[in-house]
Amino acid sequence: MNGDRRPTLEAVAALAGVGRGTVSRVINGSPKVSEKARDAVQQAIRELGYVPNRAARTLVTRRTDTVALVVSESELRVFDEPYFAGTIRGIGSALSETGLQLILTMAQSRQDHERLEHYLTGQHVDGVLLISLHGADPLPGRLEEMGVPTVIGGRPVGLDPYCYVDVDNRAGARQAVKYLLGRGRGRIATIAGPQDMGVGVDRLAGYRDALIATGMPEIVAYGDFSEESGALAMLGLLAEHPELDAVFTASDPMALGALRVLRQEGRSVPGDVAVVGFDDSPAGAHSSPPLTSVHQPTETMGRQMAQLLVARINGEHLDQPVVILDTHLVERASA
């Protein structure tokens with residue numbers, strides 16, 4: 001090939017033995033391409049040194065090749081807690097296969113969201129991923145109204161979104177509490193998450209599901225998924241219910257806070273009080289004692305979110321716009 005000429009889309013298609021449209025779908029990250037065709041196109045791109053002319057494509061398609069990830073939490077929470085790290089890894093991994101760039105932004109307050117809405121609806125991004133929504137947040141509805149493809153991570157409260165990815169939080173919590181019941185625990189408390197989030201509501205519901213047939217009393221405290229909130233909730237539980245012999249926490253960071261308080265108060269784990277978390281985080285696996293926890297596939301969740309968003313950006317029909325992933329219990333020494 002003449003070194004002065006850039007390889008074309010047609011040249012890639014000819015070398016790969018596919019149509020021009022297939023090459024375009026691979027470049028745009030569409031999942032509607034067979035693995036064989038994708039491999040052939042990617043090999044041809046490498047051989048020819050083909051680089052998409054993004055500037056020209058943007059003029060024609062109005063595409064920016066950029067998507068935004070909006071997290072409705074503080075920077076401290078985002079970079080400290082395992083859920084966010086796993087989800088963002090999954091999103092980044094899926095988008096790296098498409099050539100789309102990712103913008104990460106934290107927006108906690110209503111004012112933050114209002115400012116962000118102007119940016120996101122101003123043709124600066126092709127689509128938006130939203131995680132950790134609280135309450136009936138108007139942002140996803142506004143984005144959809146303005147024609148911005150949107151995918152939510154976690155079932156929100158007070159909203160009925162078209163497209164979201166979540167794990168089966170209720171079933172995971174139910175399994176955790178049934179596990180404690182099976183170990184002979186008779187006074188099981190829970191440290192629940194925020195009730196303005198679907199994850200907090202569903203994990204508390206799973207706890208209640210497991211107890212309802214036993215006739216045991218509910219013992220409920222609340223946290224915000226952070227380690228410090230778990231510690232404060234555990235202190236309150238011990239003061240009000242010194243007889244409790246197990247606690248299910250709605251996140252691993254809260255479980256780590258509970259473990260710290262139990263050590264300080266001279267309670268052995270699991271001898272006096274068994275503890276089960278939710279995340280299956282690296283920190284929980286290496287705590288003292290190692291934490292029994294419900295595994296949630298955060299990286300898979302992130303990948304699914306990104307793949308759904310790419311499909312929406314490409315105008316594809318979604319056969320399954322809501323994806324619910326399974327959880328399972330990982331047994332360790334804390335229970």
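These figures come from a predicted structure and were not determined experimentally. (Residues numbered from 1 in each chain as written. Predicted model: local features only at pLDDT ≥ 70, side-chain atom pairs only at ≥ 80, totals over all residues. Heavy atoms only, no water.)

J.: Now, about empty space enclosed by the protein: what can you tell me, with residues and values included?
T.: Following the criterion strictly, the structure yields one cavity of 30 Å³ or more and no others. In this structure, the largest cavity encloses a volume near 320 Å³. If you go around the largest cavity, you meet 27 residues; those closest to its centre are Tyr83, Ser132, Met197, Val199 and Phe225. Only helix 6 (82-96), strand 4 (150-153), strand 5 (164-167) and helix 10 (198-212) provide two or more residues apiece to the lining of the largest cavity. For the lining of the largest cavity, the per-class residue count stands at 13 nonpolar, seven polar and seven charged. (1 Å grid on protein atoms, 1.4 Å probe; cavity = no way out; pocket = protein on both sides within 12 Å on 5 of 7 lines; lining within 4 Å. Points joined across faces, edges and corners; volume = space filled by probe spheres on them. Helix = DSSP H or I, 4+ residues; strand = E, 2+ residues; numbered from the N terminus. Nonpolar A, V, L, I, M, F, W, Y, C, P; charged D, E, K, R; others polar.)

J.: A description of the sheet that holds strand 7 (residues 219-222) should follow, citing residues and the corresponding values.
T.: Strand order across the open sheet formed by six strands is 7-6-8-9-10-12, with mixed pairing between neighbours. Every other strand in the sheet has two partners, leaving strand 7 and strand 12 (328-330) as the edge strands with one partner each. Across the sheet, the axes of successive neighbouring strands diverge by a mean angle of 20°, strand direction being ignored. Relative to strand 8 (residues 246-249), strand 6 (residues 188-192) runs parallel, the two sharing four bridges. Residue pairing for strand 8: Ile191 is matched across the bridge by Thr249. Sitting on the sheet, helix 12 (residues 252-264) touches strand 6, strand 8, strand 9 (274-279) and strand 10 (292-295), and the angle it makes with strand 9 is about 155°. (Pairing = 2+ DSSP bridges. Axes fitted to C-alpha atoms, helices over the stretch in contact; angles between N-to-C directions. Contact = heavy atoms within 4.5 Å.)

J.: I'd like to hear about the pairing of strand 7, residue by residue, with values.
T.: Side-chain alternation along strand 7 places Ile219 and Ala221 on a buried face and Val220 and Tyr222 on a face that remains uncovered. Looking at chain direction, strand 6 and strand 7 are connected through four bridges and run parallel. Paired with Thr190 across the strands is Val220, a residue of strand 7. With helix 10 bridging strand 6 and the parallel strand 7, this β-α-β connection has right-handed handedness. (Buried < 20%, exposed > 50% of the residue type's maximum accessible area, 1.4 Å probe, protein only. Right-handed = clockwise from strand over helix to strand, strands pointing away.)

J.: Got a sec to walk through the packing of aromatic side chains? Specific residues and values, please.
T.: In the structure shown here, the tally under the stated rule is two aromatic pairs. Over the face of the ring belonging to Phe278 we find Arg203, whose NZ or CZ atom lies 3.5 Å from the ring centre. (Phe/Tyr/Trp six-rings, centres within 6.5 Å; stacked < 30°, edge-to-face > 60°. Lys NZ or Arg CZ within 6 Å of the ring centre and 35° of its normal.)

J.: Got a sec to walk through the pattern of salt bridges? Specific residues and values, please.
T.: Side-chain pairs of opposite charge can arise where the charged atoms are in close proximity. Enumeration according to the criterion identifies 18 salt bridges in this entry. When salt bridges that share partners are traced, they join Glu73, Arg77 and Glu81 into one network. (Salt bridge = Lys/Arg side-chain N within 4 Å of Asp/Glu carboxyl O.)

J.: Tell me what's going on with unusual backbone geometry, and back it up with residues and numbers.
T.: Residue Pro270 is bonded to the preceding Val269 through a cis peptide linkage, with omega at 10°. With respect to the helices and strands, the residue Pro270 is situated in the loop between helix 12 and strand 9. In the segment running from Ser288 into Pro289, the intervening peptide bond is cis, with an omega of -5°. Within the fold, Pro289 resides in the loop between helix 13 (282-285) and strand 10. A positive phi is found at Gln123, a non-glycine position, where the angle reads about 65°. With respect to the helices, strands and loops of the structure, Gln123 is situated in the loop between helix 7 (110-120) and strand 3 (127-131). Of note, the phi angle at Phe225 is positive, near 85°, even though the residue is not glycine. Position of Phe225 relative to the elements: it lies in the loop between strand 7 and helix 11 (227-240).

J.: Explain the packing of helix 1 (residues 9-16) against helix 3 (residues 35-48) to me, and be specific about the residues and the numbers.
T.: Interaxial distance between helix 1 and helix 3 falls to 8 Å at its minimum, and their mutual angle equals 120°. Between helix 1 and helix 3, the angle is such that the two are oblique. In the packing of helix 1 onto helix 3, the handedness of the crossing is right-handed. Along its contact with helix 1, which presents Ala11, Val12, Leu15 and Ala16, the element helix 3 presents Ala40, Val41, Ala44, Ile45, Glu47 and Leu48. Its residues placed into classes, the contact of helix 1 with helix 3 shows nine nonpolar, no polar and one charged. (Parallel < 35°, antiparallel > 145°, perpendicular 65-115°, else oblique. Left-handed = near helix turned anticlockwise from the far one by under 90°.)

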